[in-house]
Amino acid sequence: MKLTTVGAAGHVTGSCHLIEAGDFRILLDCGLIQGSRKAAELNKEPFPFDPARIDAVVLSHAHIDHSGRIPLLIKAGFSGNVFAHTATRALCDIMLKDAGFIQEHDAERENRRRKRKGMPPVEPLYTADEAVAGMQQFKSVPYDRKVRILPSVIIRFRDAGHILGSCVVEVWLTEGNEERKLVFSGDLGHQGAPILRDPKIVHDADLVLMESTYGDRDHRSWEDTAEEVRGIANATRNAKGNILIPAFAVGRTQMLLYWMAQNYNDNGFSDWRVFLDSPLAIRATHIYAAHERLFDPAARQAWGKKPMESLLPNLTYTRTASQSMAINEIESGAIIIAGSGMCTGGRIVHHLKRNVWRKESHVIIVGYQAQGTPGRLLVDGAKRIRLFGETFQVAAKVHTIGGLSAHAGQEALLSWYDQFHGRPPLVLVHGETRAQETLRDLVKERYAAPVHIAAYGDSFDLAKPIPFDD
Ligand SMILES: [Zn+2]
Ligand SMILES: [Zn+2]
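Residues numbered from 1 in each chain as written. Chains lettered and ligands numbered in written order. Predicted model: local features only at pLDDT ≥ 70, side-chain atom pairs only at ≥ 80, totals over all residues. Heavy atoms only, no water.

Visitor: Can you help me understand the overall build of the protein chain in this one?
Guide: Across its full length, the protein chain carries 15 helices and 22 strands. Against the compact-globule benchmark of 23 Å for 470 residues, the protein chain has a radius of gyration of 22 Å, which places it among compact chains. The principal-axis extents of the C-alpha atoms in the protein chain amount to approximately 70 × 55 × 40 Å. Out of the 470 residues belonging to the protein chain, those deemed buried represent 59%. At a minimum sequence separation of 6, the contacts of the protein chain that also span at least 24 residues come to 73%. The positive charge centre, built from 56 side chains, and the negative charge centre, built from 55, are 6 Å apart in the protein chain. (Helix = DSSP H or I, 4+ residues; strand = E, 2+ residues; numbered from the N terminus. Rg over C-alpha atoms; globule rule 2.2 N^0.38 Å. Buried < 20%, exposed > 50% of the residue type's maximum accessible area, 1.4 Å probe, protein only. Contact = heavy atoms within 4.5 Å. Lys, Arg positive; Asp, Glu negative; His and termini not counted. Charge placed at Lys NZ, Arg CZ, Asp CG, Glu CD.)

Right, dumping it as structure tokens:
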């Protein structure tokens with residue numbers, strides 16, 4: 001019985017973990033590596049296992065850094081099922097197809113460049129059609145029900161409160177007479193966040209695999225965060241500028257819209273024009289409304305199945321490119337939410353081109369920004385950034401609001417682990433080095449628990465006591 005970390009080890013993106021039990025092999029997640037162009041190149045490397053010999057994939061949630069290599073895995077010979085929560089399946093339906101379009105588009109652009117240089121063309125990682133075809137292999141699993149997915153493997157999904165359908169995954173493995181239980185946190189949600197319920201607590205595990213994105217930081221309280229956003233809105237209004245919010249299509253976007261709707265009357269939001277400039281995020285917002293049974297009681301009552309436009313009357317959905325371009329004419333009073341979340345492409349880049357050099361405008365960063373992305377440069381205070389091959393001065397004010405994050409902060413990660421009985425061995429994944437080292441030291445100090453930062457290719461024999469030497 002073995003666990004091997006083959007992704008999101010020493011990084012945040014590219015989540016992928018291999019479990020071997022008896023004659024079976026399963027993958028926990030199969031995500032795309034995101035970030036700089038060099039990081040993205042790693043997606044083209046062959047998998048460090050034979051995809052045809054994987055019996056099943058268990059998917060924690062729909063975010064591309066967890067699901068985005070599934071079509072590639074299928075292309076490389078994987079013919080088993082992908083077990084995912086019902087809402088994850090609905091979201092993957094639109095997200096993987098969109099990822100396929102992006103891959104096709106990137107390959108086309110690269111091939112134009114290659115043609116000019118007389119180089120042979122490259123293939124897209126996978127196409128939109130391939131992504132759609134792969135959805136046939138998805139099987140829906142609800143929360144809180146034990147499901148035997150293979151003769152020696154049982155899983156149960158628990159609400160992780162991170163995005164719609166996100167799961168903490170419990171896995172029971174048997175080999176001969178031995179039984180072991182592994183718990184994978186997936187991405188853990190931010191407690192008290194609007195819309196979704198808080199992450200479920202699990203008490204028993206022989207090994208815990210936990211994310212550590214914000215292992216070195218705590219988020220501000222929701223009240224302080226609201227105050228912070230109010231301050232930015234006032235400053236932008238006085239300066240007569242716009243607010244740009246690069247956001248992932250699923251999760252942060254719906255949270256922001258809902259949160260603005262909740263504060264529509266008292267935050268002065270009614271004076272603004274809010275644009276959701278992302279066809280994918282618009283579709284994801286509809287999928288949220290269709291799964292309102294997964295909301296927390298307050299959101300069920302306030303949002304329910306109602307269209308978001310009825311909650312937030314100043315919201316405009318811009319679907320077409322020409323509608324999106326029309327926003328460029330607006331010099332002040334617009335809140336523009338667009339992707340991609342790390343500003344590596346998509347419509348947000350066009351809006352940055354129009355606004356980033358204007359001192360009147362403000363950029364609000366709400367999500368994790370991987371190293372090497374324009375979003376990370378903005379967070380790190382770069383004076384200039386390159387957008388579509390052109391260099392722009394950064395005069396707009398850039399704010400990073402951790403309080404709007406979709407991830408648990410440091411204290412919440414610690415207390416989630418603290419709920420396990422008997423301090424099971426803890427393996428940290430999905431984090432940058434500094435966050436992971438800080439969290440590891442705290443776990444040791446507070447709980448005297450065995451904790452290890454996963455490196456790529458690390459293997460743990462679950463049938464034996466796990467020797468951690470960190
Ligand atoms: Zn996520
Ligand atoms: Zn993630």
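Picking up where we left off.
Visitor: Teacher, can you tell me more about the coordination of the zinc ion (ligand 1) here?
Guide: In ideal tetrahedral geometry, four donors around a metal make angles of 109.5 degrees, whereas ideal octahedral geometry with six donors gives angles of 90 or 180 degrees. Those protein atoms acting as donors to the zinc ion (ligand 1) are His 61 (NE2), His 63 (ND1), His 162 (NE2) and Asp 187 (OD), and they sit at 2.1 to 2.3 Å. With 4 donor atoms in place around the zinc ion (ligand 1) and angles of 90 to 165° between them, the coordination shape is irregular. All donors of the zinc ion (ligand 1) come from a single chain, and their spacing in sequence reads H-x1-H-x98-H-x24-D. The distance between the zinc ion (ligand 1) and the zinc ion (ligand 2) comes to 3.4 Å, and Asp 187 binds to both of them. Linking His 162 in the loop between β8 (153-159) and β9 (167-175) with Asp 187 in the loop between β10 (178-184) and β11 (207-211), this pair joins segments that are 25 residues apart in sequence. Of the two residues examined, His 162 and Asp 187, each falls in the buried class. (Donors = N, O, S within 2.8 Å, 3.2 Å for Na, K, Ca; no water. Tetrahedral: all angles 85-135°; square planar, octahedral: opposite > 155°, others 65-115°.)

Visitor: Help me out: how do you make sense of the nonpolar core in this one?
Guide: Nonpolar side chains tend to gather and get buried jointly when the protein is soluble and globular. Within the largest apolar cluster, 111 residues are counted, with the highest numbers of intra-cluster contacts made by Val 171 and Met 260. Setting aside its immediate chain neighbours within four residues, Val 171 contacts Ile 19, Ile 26, Leu 28, Val 153, Ile 154, Ile 155, Arg 180, Lys 181 and Leu 182. In terms of nonpolar packing, the next biggest core, distinct from the first, is built from 23 residues, Val 208, Ala 408, Leu 426 and Val 451 among them. (Core = buried A, V, L, I, M, F, W, Y, C linked by side-chain atoms within 4.5 Å.)

Visitor: Can you walk me through the coordination of the zinc ion (ligand 2) in this structure?
Guide: Bound to the zinc ion (ligand 2) are the protein donor atoms Asp 65 (OD), His 66 (NE2), Asp 187 (OD) and His 430 (NE2), situated 2.2 to 2.4 Å from the metal. The sequence pattern describing where the donors of the zinc ion (ligand 2) fall on their chain is D-H-x120-D-x242-H. Looking at His 66, the relative accessible area reads 0%, which means it is buried.

Visitor: What is the right way to look at the packing of aromatic side chains in this model?
Guide: A ring pair, where both rings are aromatic, is described by two values, the distance of the centres and the angle of the planes. Inspection of the entire model under this criterion finds 9 aromatic pairs. A ring pair is formed by Tyr 288 and Phe 295, whose centres lie 6.4 Å apart and whose planes are at 45°; its orientation type is tilted. Overall, Tyr 288 belongs to the buried group, its relative accessible area being 2%. With a centroid separation of 5.9 Å and an interplanar angle of 55°, the aromatic rings of Tyr 417 and Tyr 447 are classed as tilted. Remark: Tyr 447 occurs in helix α15 (residues 433-447) and Tyr 417 occurs in helix α14 (residues 410-418); sequence separation between them is 30 residues. Tyr 447 matches Tyr 417 in its accessibility class, with the two residues each being buried. Each member of the aromatic cluster is reached from another via a ring pair, and the members are Tyr 258, Tyr 288, Phe 295 and Trp 303. (Phe/Tyr/Trp six-rings, centres within 6.5 Å; stacked < 30°, edge-to-face > 60°.)

Visitor: For this particular structure, what's the right way to read the packing of helix α4 (residues 86-116) against helix α8 (residues 279-290)?
Guide: When two helices pack together, their arrangement is given by the angle between their axes and by how far apart the axes lie. Between α4 and α8, the least distance of the axes is 10 Å, while the angle of their chain directions is 170°. Looking at the two axes, α4 sits roughly antiparallel to α8. Every residue of α8 that contacts α4 at Ala 90, Leu 91, Ile 94, Met 95 and Asp 98 is listed here: Leu 280, Arg 283, Ala 284 and Ile 287. Its residues assigned to classes, the contact of α4 with α8 shows 7 nonpolar, no polar and 2 charged. (Axes fitted to C-alpha atoms, helices over the stretch in contact; angles between N-to-C directions. Parallel < 35°, antiparallel > 145°, perpendicular 65-115°, else oblique. Nonpolar A, V, L, I, M, F, W, Y, C, P; charged D, E, K, R; others polar.)

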